[in-house]
Amino acid sequence: MLDDLSSNAHRRGRGCRFITCSYIFVLVAIVHPRTINSFGLTRAPIGRPQNPPPDHDVIVIGGSIVGLATAVAISSSSSSSSSPPDVAVYERARRAEPIGALLSLFPNGLTALRSINSTVAEQVERVSIPLRTSEIKRSTDGKLLRCIESNASSDGSNGTFLCWYQLQNILSSALQRLSENAVKFGAEFVSYSVDASTGYVTVTCRDRNNNDAEFHKTCRVLIGADGVQSTVRRQLSANREDIELNSYNRTIFRALVNIDTIDNDSIVPPNGTAVIYKSDEVGQIFKIWTASDRTLAITATVNSDEDDAAVREWNENETKERMSQVYAGFAPEVRDLIRRIPEASIYANAVCDMEFLEHWSNGPVVVIGDAAHSMTPSLGQGANIGLEDAAEIGYLLRDDIAGKSNRYITETINNFCTIRQDRVQEIHTASRQQALNKNKKDTTLGSFLKSNPSFFERLYEWQPISSLHSANKIISEN
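What comes next concerns the included structure. What you see is a predicted model, and the numbers here were worked out from it, not measured in a lab.

1. What to know about the packing of helix α4 (residues 107-116) against helix α5 (residues 118-127)
Turning to step 1, where the next piece is worked out: As a packed pair, α4 and α5 sit with axes 5 Å apart at the nearest point and diverge in direction by 140°. On the basis of their axis angle, the class for α4 and α5 is oblique. Contact residues: α4 offers Leu110, Leu113 and Arg114, while α5 offers Ser118, Val120, Ala121, Val124 and Glu125.
Turning to step 2, where the next piece is worked out: Across the contact of α4 with α5, the residue classes tally to five nonpolar, one polar and two charged.

2. Examining the pairing of strand β11 (residues 213-224)
Regular strands have side chains that alternate between both faces of the sheet.
Turning to step 1, where the next piece is worked out: Of the strand pairs in this sheet, strand β1 (residues 56-61) and β11 are connected by five bridges, and their pairing is parallel. Each bridged residue has a counterpart across the sheet, and for isoleucine 61 the counterpart in β11 is glycine 224.
Turning to step 2, where the next piece is worked out: Of the pairings in the sheet, the one linking strand β10 (residues 201-207) to β11 comprises seven bridges and is antiparallel in character. When the bridges of β11 are listed, arginine 206 appears paired with glutamate 214.
Turning to step 3, where the next piece is worked out: Hairpin remark: β10 followed by β11, antiparallel, with five residues in the connecting loop; positive phi at asparagine 211, about 55°.
Turning to step 4, where the next piece is worked out: For β11 and strand β18 (residues 365-367), the ladder comprises three bridges, and the chain directions are parallel. Bridging across to β18, glycine 224 finds its partner in valine 367.

3. Observations concerning the pattern of salt bridges
Where charged atoms from two side chains of opposite charge come close, those side chains can pair.
Turning to step 1, where the next piece is worked out: What the rule picks out here adds up to 18 salt bridges.
Turning to step 2, where the next piece is worked out: Between arginine 322 and glutamate 306 there is a salt bridge, and its shortest N-O distance comes to 2.7 Å. With a gap of 16 residues between them, arginine 322 in helix α9 (residues 316-326) and glutamate 306 in the loop between β15 (295-303) and α8 (308-312) connect regions that are remote in the sequence.
Turning to step 3, where the next piece is worked out: A relative accessible area of 29% means that arginine 322 is categorised as partly exposed.
Turning to step 4, where the next piece is worked out: Judged by relative accessible area, glutamate 306 falls into the partly exposed class, the value being 25%.

4. Remarks on the environment of alanine 93
Turning to step 1, where the next piece is worked out: For alanine 93, the location among the structural elements is in the loop between β2 (87-91) and β3 (102-105).
Turning to step 2, where the next piece is worked out: Counting along the chain gives 31 residues from alanine 93 to glycine 62, while the straight-line C-alpha distance between them is 9.1 Å.
Turning to step 3, where the next piece is worked out: Leave out the neighbours within four places in its chain, and alanine 93 touches Phe185, Gly186 and Arg208.

Reading the values: the criteria
Residues numbered from 1 in each chain as written. Predicted model: local features only at pLDDT ≥ 70, side-chain atom pairs only at ≥ 80, totals over all residues. Heavy atoms only, no water. Axes fitted to C-alpha atoms, helices over the stretch in contact; angles between N-to-C directions. Helix = DSSP H or I, 4+ residues; strand = E, 2+ residues; numbered from the N terminus. Parallel < 35°, antiparallel > 145°, perpendicular 65-115°, else oblique. Contact = heavy atoms within 4.5 Å. Nonpolar A, V, L, I, M, F, W, Y, C, P; charged D, E, K, R; others polar. Pairing = 2+ DSSP bridges. Salt bridge = Lys/Arg side-chain N within 4 Å of Asp/Glu carboxyl O. Buried < 20%, exposed > 50% of the residue type's maximum accessible area, 1.4 Å probe, protein only.

Okay, structure coming up:
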């Protein structure tokens, strides 16, 4: 009997050892799938299957400067080893065309470009020209009234200038190198929806180059950079804020003229000089600037009661005719220059802004640039602040977001809005105040500087969070 008991106990012991080893095998196999594979087995998926990836990580609506800069910033190399997110840019225009806008970049805008992409910043600095002199001339006969010299040793607060399309071309080329075929022209945004289970954004667009056929694409993040008339903002704000544009009773004409088409080159300013024909009527000026590619950039303003929607309805012929009528009493060289402007290059709009938008985002959807905070051009900061937006959102989304949770993405976007809103609101308010001063014939910044002398220090000394994080990292390493 003792032998039988001993034999049974031995068998039970072997059974216990076998069961224990089986559990260990299963545990190791769960942690290391190769353990199972080595035995020629496969492991069944645990939990629900993963969602298929979206078409893109990020979709940007709007292929102008801010939209392109945002795509470049997100697509540029980061410090992490992961590849940058996949970005697509949908632009309503059927093709890229130069428009007659002169762009002023100030120290904060140049700092933003360096943060976005150093190569882009270097190219911009090569083609832009700093303001050195302003010549004020009488509108009727072109007589020189006064000459204002800029301080050459200043910190750039007078601005450096280039044509809008020059920066747009530089950004487009940079994006093409980083992400080939990222921009789709003729893609008119219609609407978006957010899937509650996956968190993906489904974007619906019309293909204007294909009989307005609708198409749908999915993404993790949707960025609306589609300007003051933003369709993304309208849907985002539909249940929150009623956004209206405020008019300042002034119309701006912007145009481009090739210098080689001008017979009398005496009207062509030397590089670095702005020539301004000024009327006795408040708000009526005609400004000429020579760009680095032998193009004259014209910016002309006049007081007008027409709102922005009405001005944008003008066709090319109407726009040139209106411009000719407004400046019919100006010097002969100005009238001759207007006759030589190609109609397609003239861009007209009313000076306006919108009330500061309290909510820029909702979940994985966010608006930036003029779509979020359209401001008057009185301080020349609209594009510069938009570039700041691009630098900040680009830095925050630059690391691979494909594996991040929906909560992480929403918190990242919320952090962006928190970082930006106080600064942008101050600049938005200042731009509005200066626009009101111009209506009172106070076209200088004198009264504004007296009321807020430290404003421009805060404005121009801005630093992006990427540089602040780098500084903190250096301090911690030391």
